[in-house]
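# Geometric and topological summary
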Amino acid sequence: MTVADTARVPRVAWLQLAASVVLFGLSWPAIKIGLSAATPVWLAAGRATLSAASAFALLAALGRLAWPGRADWPIVLSVGAFQLTLFFALANLGVQSVPPGRSGVLAYTTMLWMVPLSLLVGERIGWRGVAGALLGLFGIVVLIDPWRFDWSDRAVVEGHVWLLLAGFSWALAVLHARRHRWRLAPLDVLPWQMAVATVLLWILALTLEPRGYLDFSQPNLWIALLYIGVFAGPAGTWAAVSVARALPPVTGSLGMLGTPLLGIASSVVLVGEPVTWPLVLGTMLVIAGIAIVIVERAK
C-alpha cells in the first residue's frame, strides 16, 4: 500500500479496522467468562441465537434485509456450517481447557491451513507461502511447548486439537467463499448464515450435551452472551466487512493480525492468564508465518 493509497483511505476505515480487532480480540476472555456459567456447545448455540437476531435487526435497520437467491444458498450453508457452527462449537470446547489467549492464537491459524487446502484444489502457492506455513507450524509447536506439556491430561490435549480444528473449519469456509460468485454482499447473507448456525448448534447442543445448560442466574453468562452474541458477532462482522471494502486486502488482513495479540493482552488482564515465553515466542512465530502467507497470496 503506497503513501498515496493511504491518503485516499477514509479515516473511518481505520476506525472500523480498530473496532474489528478490539471486538474480536476481547471475545476470547468473554468466552472463558461465559463458560463459568454454561456448557460449551450450549454457550455457542446461545451466542448464535443472539447473533442471528441482532444481524436480522441490523440488516432490517439498514434496509438491506433480503432473501438470498438460489445462487447464494451454497455460501450461506457452507459459512453457516463451517465458519460459524463448527468454529463456535470447537472454539468453546477448546477454551474450556486451554487459556483463552493461547486459544485465540491456535484458532486464528486459518490462513496457515489455507496453504495445504489451496494446494489440494490445484491453486498455485509460491515457496514463500509454503515457508510461511512451516514457520507458523513451528510457532504452534513452540506455543504448545510439547517438552513440558502434560500429555496425560486428556482434556487439555483435546482442547488444543479442537482449537486447531476450529481454524481448519474456518479455512474450509474461506476456500469456498473465495471461489464463490457472490450475488448478495457478504454482509447481506450474514443473518441467514447465523440462522443456519443457530439451528445446527441447537441440534448439536441437545445431541452432544443432553445435560448441558445456560445458567441465566449468573451475571457472567449475560456479560458473555451480550458481548459475543450482539457486539463481537454482528457488529464486529459489519466492521470487518466494511474494512474489506475500504482497505486493500493485504492491509486489512495484516491489520487483523492484531486480534490474537489483543486476545492475549485482554486475557491477561481480565482472566489472569499467565504470560510465558512459549506463549510470546510461539505467538510471534505464528503471526509472522500468517503475515508471510498473506503477502505471498496477494502477489
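The structure we're discussing is the one just above.
Described in the following lines is the structure provided in the data block. (Residues numbered from 1 in each chain as written. Predicted model: local features only at pLDDT ≥ 70, side-chain atom pairs only at ≥ 80, totals over all residues. Heavy atoms only, no water.)

Moving on, we come to the overall build of the protein chain. A count of helical and extended segments in the protein chain gives 14 helices and 0 strands. The order of helices and strands in the protein chain, counted from the N terminus, is α-α-α-α-α-α-α-α-α-α-α-α-α-α. What you see for the protein chain is a C-alpha radius of gyration of 19 Å, in line with the 19 Å of a compact globule of 299 residues. Counting only residues that meet the buried cut, the protein chain has 49% of its 299 residues in that class. Put simply, of all contacts in the protein chain between residues at least 6 apart along the chain, 90% involve residues at least 24 apart. For the protein chain, the computed accessible surface area is about 14,000 Å², with 70% contributed by carbon and sulfur atoms. Computing the positive centroid from 19 side-chain charges and the negative centroid from 12, the protein chain places the two 11 Å apart. (Helix = DSSP H or I, 4+ residues; strand = E, 2+ residues; numbered from the N terminus. Rg over C-alpha atoms; globule rule 2.2 N^0.38 Å. Buried < 20%, exposed > 50% of the residue type's maximum accessible area, 1.4 Å probe, protein only. Contact = heavy atoms within 4.5 Å. Areas by Shrake-Rupley, 256 points an atom, 1.4 Å probe, with all protein chains shown as cover. Lys, Arg positive; Asp, Glu negative; His and termini not counted. Charge placed at Lys NZ, Arg CZ, Asp CG, Glu CD.)

Tracing the backbone through its elements, the reader meets Thr283 in helix α14 (residues 277–297). Note on Thr283: relative accessible area 1%, which makes it buried. Among residues more than four places away in sequence, those in contact with Thr283 are Val105, Leu143, Leu261, Ile264 and Pro278.

Another point: the environment of Leu226. Positionally, Leu226 belongs in helix α11 (residues 219–246). Expressed as a C-alpha distance, the spacing of Leu226 and Ala30, which sit 196 residues apart in the sequence, is 9.7 Å.

Let us now look at the pattern of salt bridges. Once their charged atoms are close, side chains differing in charge can pair, the charge on each being opposite to the other. On inspection of all chains with the given rule, the structure shows 3 salt bridges. Residues Asp188 and Arg64 are paired through a salt bridge, measuring 2.9 Å at the closest nitrogen-oxygen approach. Taken together, the residues Asp188 in helix α10 (residues 186–208) and Arg64 in the loop between α4 (40–62) and α5 (73–95) connect sequence positions 124 residues apart. Looking at Asp188, the relative accessible area reads 11%, which means it is buried. (Salt bridge = Lys/Arg side-chain N within 4 Å of Asp/Glu carboxyl O.)

The phi angle at Asp145 is positive, at roughly 55 degrees, despite the residue not being glycine. Here Asp145 shows up in the loop between α8 (127–144) and α9 (154–179).

With that out of the way, let us pick up α5. For an α-helix, the turn length of 3.6 residues means that residues three or four places apart are oriented alike. Its 23 residues give α5 an end-to-end C-alpha distance of 31 Å, which sits within 8% of 33 Å, the value for a rise of 1.5 Å per residue. A bend of about 35 degrees at Phe87 is the largest found in α5. (Expected span 1.5 Å × (residues − 1). Bend = angle between axes of the 7 residues up to and from the residue.)

Read these as geometric descriptors, not functional statements.
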